[in-house]
Amino acid sequence: MSLLEVNKLVVEFPSRHGTLRAIDGISFDIAPGEILGVVGESGAGKSLTGASIIGLLEPPGRIASGSITLQGERIDQYNNDQMRHIRGRKIGAIFQDPLTSLNPLYTVGRQITETIQAHLPVSDEEAKQRAIRLLQDTGIPAAAERMGHYPHQFSGGMRQRVVIALALAAEPQLIVADEPTTALDVSIQAQIIGLLKTICKDRGAAVMLITHDMGVIAETCDRVAVMYAGRIVEIGPVHEVINRPSHPYTSGLMASIPDMSSDRERLNQIDGAMPRLNAIPQGCAFNPRCPRVMERCLQERPELRPATATQAACWHVGGAT
């Protein structure tokens, strides 16, 4: 059974010039203990999808239709107070910049223990011991001593570990990690990725990992959803999407990654840019940039359909042509 189910989610932004549709009918699920990667260019809708699940959509953005179900409980219609109980307790969040997640005026120990006590019925001493264990589990040395330190006294990588400890404080079943390694150098990235995988394995938590880095996806995820212009264009097991992509956009993404075993001098690139929300073309949104575009792509929007070992929203797969 799926831990999280997102069904035909639509997110819109009303504006003076009409309503802009930022997320356009996406559906996916995540099983307990699974890491689902969500990848795409800036503006594809990755972070908005995560914000919708956490209940942190910035006004005037709103969920216009569709549903988000967590452990059989529909949460997309919850108000702020109801979502506050869900956040932390059932859904943990890890953001790109740890400084925005941590209060600079409080010690990290206080922030973690307060989060624990906000969601779990434990004493002050139990919360403190639990916080120390969380810091130890996330690889922070001298954890008991570091409890009394402030966020600015930690390096970037250590701050991100504190944020992960904070996200795990109330033992949530789902963690939404939005670009958790982008601000870190490569060696620290590898450590954070290893940490996320260990957490998934040991705690049975599911992780939705939002990133634009295919290297991180390849190293971390079980499945990957590729987003373009607010839609999922391909979804499937990570090794299949990387090695045998079915959608032309996914193929372009894969071809733009440097290959150490190849002696080619130039990287491939996808010509053009992602369309603005007020200028998404009819039919397949990728059609102005697609090397395989045909007449049907200009008129009809393709839905996800079985490809080789993935599902792709393309008229060239699944015998659609």
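Refer to the structure printed above.
Before going into details, it helps to say that this report is about the structure given with it. Residue numbers restart at each chain and count upward from 1, following the sequence in its written direction. Two thresholds apply to this predicted model, a pLDDT of at least 70 for residue-level local features and 80 or more for giving and counting side-chain atom pairs, whereas whole-chain, interface and lining totals are computed over all residues. Remark: hydrogens and water are excluded; side-chain values derive from all non-hydrogen atoms of the structure.

Generally speaking, nonpolar side chains in soluble globular proteins are found buried as a group. We call a set of buried residues a nonpolar core when its members are Ala, Val, Leu, Ile, Met, Phe, Trp, Tyr or Cys and they connect through side-chain atoms within 4.5 Å of each other. Each residue's exposure class comes from its accessible area (1.4 Å probe, protein chains only) as a fraction of the maximum for that residue type: buried when under 20%, exposed when over 50%, partly exposed otherwise. If you look at the biggest cluster of nonpolar residues, it comprises 90 residues, and the most contacted ones within it are Leu4, Phe28, Ile53, Ile91, Ile112, Leu174 and Tyr249. Broken down by element, the residue count for this core peaks at seven residues, all from helix 7 (residues 156-168). Strands here mean DSSP runs of E at least two residues long; helices mean DSSP runs of H or I at least four residues long; both are numbered from the N terminus.

Let us now look at the packing of helix 4 (residues 108-119) against helix 7. To get an axis, fit a line to the C-alpha atoms, keeping to the stretch in contact for a helix; angles then go from 0 to 180 degrees between the N-to-C directions. Where helix 4 meets helix 7, the axes come as close as 9 Å, and the angle between the chain directions of the two elements is 20 degrees. In terms of axis orientation, helix 4 runs roughly parallel to helix 7. For the element pair helix 4 and helix 7, the recorded crossing hand is right-handed. Where helix 4 approaches helix 7, its residues Val108, Gln111, Ile112 and Thr115 are matched on the opposing element by Val162, Ala165 and Leu166. Only Asp, Glu, Lys and Arg are considered charged, only Ala, Val, Leu, Ile, Met, Phe, Trp, Tyr, Cys and Pro nonpolar, and every remaining residue, Gly among them, polar. A breakdown of the residues in the contact of helix 4 with helix 7 according to their chemical character gives five nonpolar, two polar and no charged. The labels follow the angle: roughly parallel below 35 degrees, roughly antiparallel above 145, roughly perpendicular from 65 to 115, and oblique for the rest. Handedness of each helix crossing follows the sense of rotation of the near helix against the far helix: counterclockwise by less than a right angle gives left-handed, clockwise gives right-handed. Pairs of residues are marked as contacts when any of their non-hydrogen atoms sit within 4.5 Å.

When DSSP finds at least two bridges between two strands, those strands are taken to pair. In spatial order, the strands read 2-1-4-5; together these four strands make up an open sheet with antiparallel pairing. Of all the strands in the sheet, the pair left with one neighbour each is strand 2 (18-30) and strand 5 (73-74). Summarising the sheet, strand 4 (residues 62-70) and strand 5 pair through two bridges and their orientation is antiparallel. In the strand pairing of strand 5, Thr69 is matched with Arg74. Sheet contacts for helix 1 (residues 46-54): strand 1 (4-15), strand 2 and strand 4; angle to strand 2, the most-contacted strand, approximately 75 degrees.

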